[in-house]
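# Residue-level structural notes
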Amino acid sequence: QVQLEESGGGLVQPGGSLRLSCAFSGRDFSNYLLAWFRQAPGTQRDFVAFINWSGSSSYYADSVKGRFDISRDNAKNTVYLQMNILKPEDTAVYYCAATLTVRGRYTDAGEYENWGQGTQVTVSS
């Protein structure tokens, strides 16, 4: 059974940076595609970033492109989300997600069967 645990959230001022981590356990990490999603109060869970098995390919939502960077360390069974130039609209609970394969769109939350519990990111002065 896959377990995912996010960490690294917190309160940061606009323009600041945070690095989220997601520790993976229970299966062979290198077999899984990984993504970050976020959900603000009263909204749906939105795609943020995706990374493939080896880390050679990554994709981003337009709203975070150029500011966020997703990476993975297959030796440490961990996926990261480096968030720079944070804006108040980035405030949300951030979730990591994992799946063995994507049959539709990697941006679709329904493609991922494994989820962490989430970590709160608040961007405010």
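Here, every reference points to the structure presented above.
Residues numbered from 1 in each chain as written. Predicted model: local features only at pLDDT ≥ 70, side-chain atom pairs only at ≥ 80, totals over all residues. Heavy atoms only, no water.

### Topic: the pairing of strand 8 (residues 78-83)
Put simply, the test is: Residue exposure (1.4 Å probe, protein chains only): buried if accessible area is under 20% of the type maximum, exposed if over 50%, otherwise partly exposed. Note on conventions: DSSP H or I runs of at least 4 residues are helices, E runs of at least 2 residues are strands, and numbering of each starts at the N terminus. Each pair of strands is called paired provided DSSP finds at least two bridges between the two strands.
Counting buried positions over the six residues of strand 8 gives five, a clear majority of the element. With six bridges joining them, strand 7 (residues 68-73) and strand 8 adopt antiparallel strand pairing. By the bridge assignment, Arg72 is partnered in strand 8 with Val79. Connecting strand 7 to the antiparallel partner strand 8 that follows it, the hairpin turn spans four residues, and Asn77 within it adopts a positive phi of roughly 55 degrees.

### Things to note about the state of the cysteines
Selection criterion: For this text, the term disulfide refers to a pair of cysteine sulfurs within 2.5 Å.
Evaluation of the coordinates by the stated rule reveals one disulfide. Bridging Cys22 to Cys96, the disulfide has an S-S length of 1.9 Å. Note on the Cys22 and Cys96 pair: the S-S dihedral is about 45 degrees, so by sign convention the disulfide is right-handed. Highlighted residues: Cys22 in strand 3 (residues 18-25) and Cys96 in strand 9 (residues 92-99), separated in sequence by 74 residues. Of the two residues, Cys22 and Cys96, neither departs from the other in class, the shared state being buried.

Interpretation note: all reported values are geometric properties and have no functional meaning in isolation.
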